[in-house]
Amino acid sequence: MALELARALAATERDDHLHMARLLLLMAAHAGTKKRPVEGLTKLAKLDFLLRYPNCFERALVAEGKDPSVAGVQDFERTTIESKMIRFRYGPWDHRYRRWVALLAARGLVIASVIGRTVNIWPTDKGLEVAAALADSETLEDVAVRANAVAKRFGGKTGSKLKDFVYETFPELSSMKWGEEIQI
């Protein structure tokens, strides 16, 4: 039974669709009514870090002197396998962001353009419609609410300032070895 559960969780983690849905919800929340892009993959990764790991979002809110209850962390989220992070090359930032953005763009859900050295990404009208449908689904409703909170509290920071903030708030991230589980 435990091995079957572990295999099911691993398969879910490898499934691009869940990650793309989460990112689309995040980009739609960030775009808001002004339809502003996420300015850079670094910024996308750091915002997604806060969305994907709600206990870290809660800690980031505390570091900013904001109400941590905004994170809406449920008890089960503090101990589930999904709350565990693995150190990747540049921190707990998944190496698949370029893939997910490309898949979203291929489906016509986002537009990605390079300005200087920065990849700007924003949802298309079709992407906003899909994000709204995802947000209305019972399965992703909590993710959508949290995506809006992340975008509202941290979306105004530049990718560089957000990166610096994350490393200041979570100094343990920079001392981990690749493949090691991050205890936060």
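1. A word on the pattern of salt bridges
Here comes step 1: Per the counting criterion, the structure on display carries seven salt bridges.
Here comes step 2: In this structure, lysine 157 and glutamate 64 form a salt bridge, with 3.6 Å as the shortest nitrogen-oxygen distance. One end of the pair, lysine 157, is in the loop between helix 7 (141-154) and helix 8 (159-169); the other, glutamate 64, is in the loop between helix 4 (54-63) and strand 2 (85-86), and 93 residues separate them in sequence.
Here comes step 3: With relative accessibility at 29%, the residue glutamate 64 sits in the partly exposed group.
Here comes step 4: It is possible to trace a salt-bridge network through shared partners that takes in Glu64, Lys66 and Lys157.

2. Observations concerning the packing of aromatic side chains
Here comes step 1: Tallied over the full model, the rule gives five aromatic pairs.
Here comes step 2: Consider the rings of tyrosine 97 and tryptophan 100, whose centres lie 5.4 Å apart with planes at 85°: the pair is edge-to-face. Residue tyrosine 97 and its partner tryptophan 100 are both found in helix 5 (residues 97-106); the two are separated by three residues, about one turn of the helix.
Here comes step 3: When its relative accessible area of 6% is taken as the criterion, tyrosine 97 is described as buried.
Here comes step 4: Of the residues examined, tryptophan 100 reaches a relative accessible area of 0% and is grouped as buried.
Here comes step 5: By way of ring pairs, the aromatic residues Phe49, Tyr53 and Phe170 are connected into one cluster.
Here comes step 6: Between lysine 66 and the ring centre of phenylalanine 154, over which it is positioned, the NZ or CZ distance is 5.6 Å.

3. Examining the packing of helix 3 (residues 41-52) against helix 5
Here comes step 1: At a closest axis distance of 11 Å, the pairing of helix 3 and helix 5 adopts a crossing angle of 95°. Compared by their axis directions, helix 3 and helix 5 come out roughly perpendicular. For the pair helix 3 and helix 5, contact is made by Leu41, Leu44, Ala45, Asp48 and Arg52 and by Tyr97, Arg98, Trp100 and Val101, respectively.
Here comes step 2: Looking at the contact of helix 3 with helix 5 residue by residue, the class counts come to six nonpolar, no polar and three charged.

4. Topic: the nonpolar core
Here comes step 1: Core analysis: the biggest nonpolar cluster contains 45 residues, and Met27, Leu44, Phe49, Phe57, Leu104, Ile121 and Phe154 have the highest contact counts within it.
Here comes step 2: Those elements that provide at least two residues to this core are helix 2 (16-31), helix 3, helix 4, helix 5, strand 4 (118-123), helix 7 and helix 8.

5. A closer look at the pairing of strand 3 (residues 110-115)
Here comes step 1: Alignment of strand 3 against strand 4, held across six bridges, turns out to be antiparallel. Paired with valine 110 across the two strands is proline 123, which belongs to strand 4.
Here comes step 2: Between the end of strand 3 and the start of strand 4, which pair antiparallel, lie two residues, with glycine 116 showing a positive phi angle near 70°.

6. Section: unusual backbone geometry
Here comes step 1: Backbone geometry at lysine 35 places phi at a positive 55°, although glycine is not the residue there.
Here comes step 2: With respect to the helices and strands, the residue lysine 35 is situated in the loop between helix 2 and strand 1 (38-39).
Here comes step 3: A residue is classified by how much of its surface remains accessible, and lysine 35, at 43% relative accessible area, is partly exposed.

7. A short note on the confidence of the model for the protein chain
Where the model shows low pLDDT, its predicted coordinates should not be examined in detail.
Here comes step 1: Averaged over every residue, the pLDDT of the protein chain is 84; the share at 70 or more is 78%.
Here comes step 2: When pLDDT is averaged over each element of the protein chain, helix 6 (residues 125-136) comes out on top at 97 and strand 2 at the bottom at 48.

8. Some details on the packing of helix 3 against helix 7
Two quantities define a packed helix pair, namely the angle between the helix axes and the distance between the axes.
Here comes step 1: At their nearest, the axes of helix 3 and helix 7 sit 9 Å apart, and the two run at 135° to each other. Judged by the inter-axis angle, helix 3 sits oblique to helix 7. The crossing of helix 3 and helix 7 is right-handed. Contact residues: helix 3 offers Leu47, Leu50 and Leu51, while helix 7 offers Val143, Arg146, Ala147, Val150 and Phe154.

Quick notes on the rules
Residues numbered from 1 in each chain as written. Predicted model: local features only at pLDDT ≥ 70, side-chain atom pairs only at ≥ 80, totals over all residues. Heavy atoms only, no water. Salt bridge = Lys/Arg side-chain N within 4 Å of Asp/Glu carboxyl O. Helix = DSSP H or I, 4+ residues; strand = E, 2+ residues; numbered from the N terminus. Buried < 20%, exposed > 50% of the residue type's maximum accessible area, 1.4 Å probe, protein only. Phe/Tyr/Trp six-rings, centres within 6.5 Å; stacked < 30°, edge-to-face > 60°. Lys NZ or Arg CZ within 6 Å of the ring centre and 35° of its normal. Axes fitted to C-alpha atoms, helices over the stretch in contact; angles between N-to-C directions. Parallel < 35°, antiparallel > 145°, perpendicular 65-115°, else oblique. Contact = heavy atoms within 4.5 Å. Nonpolar A, V, L, I, M, F, W, Y, C, P; charged D, E, K, R; others polar. Core = buried A, V, L, I, M, F, W, Y, C linked by side-chain atoms within 4.5 Å. Pairing = 2+ DSSP bridges. pLDDT = per-residue confidence, 0-100. Left-handed = near helix turned anticlockwise from the far one by under 90°.

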